[in-house]
Protein chains: 2
Amino acid sequence: MENFREMMKGVLEGCVLEIISRGETYGYEITQQLRELGFTDVVEGTVYTITMRLEKNNLVDIEKKPSTKGPPRKFYTLNEVGHEHLKTFWNKWEFVSSKINELKTKTEKEKRI
Amino acid sequence: MENFREMMKGVLEGCVLEIISRGETYGYEITQQLRELGFTDVVEGTVYTITMRLEKNNLVDIEKKPSTKGPPRKFYTLNEVGHEHLKTFWNKWEFVSSKINELKTKTEKEKRI
DNA sequence: ACTAGTATATAGTATTGCTAAGTAGTTTGT
DNA sequence: ACAAACTACTTAGCAATACTATATACTAGT
């Protein structure tokens, strides 16, 4: 499908938070997980800008570990603030998506008349 | 709740398209409908920039009519391109929201383990 | 040596919703 | 007559975010 770019704004960071919350992971792996999930257009650069932002906002703890397959990896884990952020994200998502779906179904109902 | 700003990016235009598709309407009314729907932070300026964009991209037909309560209203109706755009929007929304919810529920399942 | 895969980083761009302010017509209260 | 409130449209400028493109570097296979 076409460009989801704008629709991903505001939710991609939440997705990254969610993925990190499942357990220690690093940028490259997060990218792959997002692509597996279906967001095939997500590239490394995008994820790195997000992880950088998470660092800057102190939502994650960082640990650098060597890799057998390439350069050292930067592992992230959510700290307490990060977990709160994630919770807020899901609340927002719940609200927004329910409203959008309300708008959608309301019209489908009207269309049947 | 806090700022939904980023999360609204990419969906607000779709909402406006949807509202217009229900029947001829104008900017001020669209704003009110969005606010009634729950997007209380949406203000006129935001909607007008969207309707301007719709005009520019030729997704709407325009008809100016007098109002008994104020200045003349600019009524919008979706043209064929607009309807296609709306359809694409809902397809995108269906895809993205299902993926996000997949990510959400997958984790909830894991949390139960 | 070369290529591919793994891994991090960053400068620059486009899009988009919001802020803030202005212009104008109508109605209501004083 | 005047002000305030509501209706209605418009625009300049801002902030946030995801993407593009590119650079760097380590490892393994050919």
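Sequence order as written defines the numbering, with residues in each chain counted from 1. Key to labels: chains lettered from A, ligands numbered from 1, both in the order written. Predicted model: local features are reported for residues with pLDDT of at least 70 only, side-chain atom pairs are reported and counted for 80 or more only, and whole-chain, interface and lining totals are derived from all residues. The side-chain values count all of the structure's non-hydrogen atoms but skip hydrogen atoms and water molecules.

Per an unreviewed UniProt entry, the recorded name for chain A is Transcriptional regulator, PadR family, and the organism is Halobacillus alkaliphilus.

Our next topic: the confidence of the model for chain A. Where the model shows low pLDDT, its predicted coordinates should not be examined in detail. The quantity called pLDDT is the predictor's confidence in a given residue, expressed from 0 to 100. Confidence in the prediction for chain A averages 91 pLDDT; 92% of positions are at 70 or higher. Element-level pLDDT for chain A is lowest in helix α5 (residues 80–112) of chain A, with a mean of 87, against a maximum mean of 97 in helix α2 (residues 12–21) of chain A. Secondary structure elements follow DSSP: runs of H or I of four or more residues count as helices, runs of E of two or more count as strands, with numbering from the N terminus.

On to the pattern of salt bridges, then. Whenever a carboxyl oxygen of Asp or Glu lies within 4 Å of a side-chain nitrogen of Lys or Arg, that contact is scored as a salt bridge. Using the criterion set out here, one finds 12 salt bridges over all chains in the structure. A:Glu6 is the partner of A:Lys9 in a salt bridge, and the nearest nitrogen-oxygen pair spans 3.0 Å. Since its relative accessible area comes to 33%, A:Glu6 is described here as partly exposed. With a closest N to O distance of 2.7 Å, B:Glu55 and B:Lys74 form a salt bridge. Residue B:Glu55 is located in helix α4 (residues 44–56), and its partner B:Lys74 is located in strand β3 (residues 73–78); the two are separated by 19 residues in the primary sequence. Whether a residue is buried, partly exposed or exposed follows from its accessible area with a 1.4 Å probe, protein chains only, as a fraction of its type maximum: under 20%, in between, or over 50%, in that order.

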